[in-house]
Amino acid sequence: MQTSIPDLSRLTRPRTLAQGVMVLGITIVSILTMPSDLSGGDITMVFIAGTLTALSLMAALSTDIDDAADILLTWRLAAFGSAIIAVALSIVVTPLSGLILGAIITLTSWLLTPQPLAARLILLALIPSWVWIAGECWGWQLLMLIPLLVLGLLALAQLRDAEAWPDGTERIMSARAHRYAGWLIIALAGVLIMIVGLLSDVHKPYLALAGVVLAMAIPLEAGFGSTDGGMSKTSHRIVISAFVVASVSWLIGIA
């Protein structure tokens, strides 16, 4: 079977581009906040591995249901080839980091289509650990990103259920109750990050920034979100932005 040159403009689709920017952005932030100093060559390989990881996931998102077999094969080869090279470069830096990156790519590739938000938050939670393991400076404080972003995913799920509910099924909670639950989960994330930060060695200005951003997400969602349809994207953007800023603030604070 021959492969055809794919339509590269698909890489600029909003969802696909956002996925790549997320991966590359958190990779750069993780490199800049690493407590230890890597050699220039190692930093370059980690950066290239992060770029190839972004391209691999973007290629995986660029397929369409009605694609011909040769086009589908081309995109899959591009995704697989980029992932293999990324993992190989990471293994050269630190073997364990290569295994971690391989696991991250496998998990997120599996979740990209059915659960894109979950895939994005997993990348945000796990890529810093991959980069810091490559720099042999991993610390337990990085684990805080996992419960933080799990709470973010739960908050988004509640806000989604406030607006969209399967037809023909009875609601257990009202739309307003779902929104209240989402706000409560966001507040819980803020309280959790503040408590853990105060009990550990985290730079207080960045800890305060994380807490304030999460706190501000509640009135912003309350003011600009809606249960009447059409505003779920706004709600999601507000909440995702808050958790991204909180995560980056936490990374800077523990560096």
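Details of the structure are given in the entry above.
What you see is a predicted model, and the numbers here were worked out from it, not measured in a lab. (Residues numbered from 1 in each chain as written. Predicted model: local features only at pLDDT ≥ 70, side-chain atom pairs only at ≥ 80, totals over all residues. Heavy atoms only, no water.)

S.K.: Would you explain the overall build of the protein chain in this entry?
M.R.: Counting its secondary structure elements, the protein chain contains nine helices and zero strands. Along the protein chain, helices and strands appear, N-terminal first, in the series α-α-α-α-α-α-α-α-α. Overall, the C-alpha framework of the protein chain stretches about 55 × 50 × 25 Å when taken along its three principal axes. Pairs at least 24 residues apart make up 74% of the contacts formed inside the protein chain by residues separated by at least 6 positions. Split by element, the accessible area of the protein chain, about 12,600 Å² in all, is 70% carbon and sulfur. In the protein chain, 12 side chains carry a positive charge and 15 a negative one; their mean positions are 6 Å apart. (Helix = DSSP H or I, 4+ residues; strand = E, 2+ residues; numbered from the N terminus. Contact = heavy atoms within 4.5 Å. Areas by Shrake-Rupley, 256 points an atom, 1.4 Å probe, with all protein chains shown as cover. Lys, Arg positive; Asp, Glu negative; His and termini not counted. Charge placed at Lys NZ, Arg CZ, Asp CG, Glu CD.)

S.K.: Quick question: what am I supposed to make of the nonpolar core here?
M.R.: Burial of nonpolar side chains together is a common tendency in soluble globular proteins. Within the largest apolar cluster, 63 residues are counted, with the highest numbers of intra-cluster contacts made by Leu214 and Trp250. With 10 residues, the top contributor of residues to this core is helix α5 (residues 116-134). Look past the residues within four positions of Trp250 in its chain and what remains in contact with it is Gln141, Met144, Leu145, Ile193, Val196, Gly197, Ser200, Val202 and Leu207. By size, the runner-up hydrophobic cluster in this structure holds six residues, among which are Leu11, Met58, Ala59 and Trp75. (Core = buried A, V, L, I, M, F, W, Y, C linked by side-chain atoms within 4.5 Å. Buried < 20%, exposed > 50% of the residue type's maximum accessible area, 1.4 Å probe, protein only.)

S.K.: Is there a simple way to explain unusual backbone geometry in this structure?
M.R.: Note: most residues except glycine have negative phi, and most peptide bonds are trans. One non-glycine residue, Glu136, adopts positive backbone phi at about 55°. Relative to the elements of secondary structure, Glu136 occurs in the loop between α5 and α6 (145-163). Given the relative accessible area of 69%, Glu136 is considered exposed.

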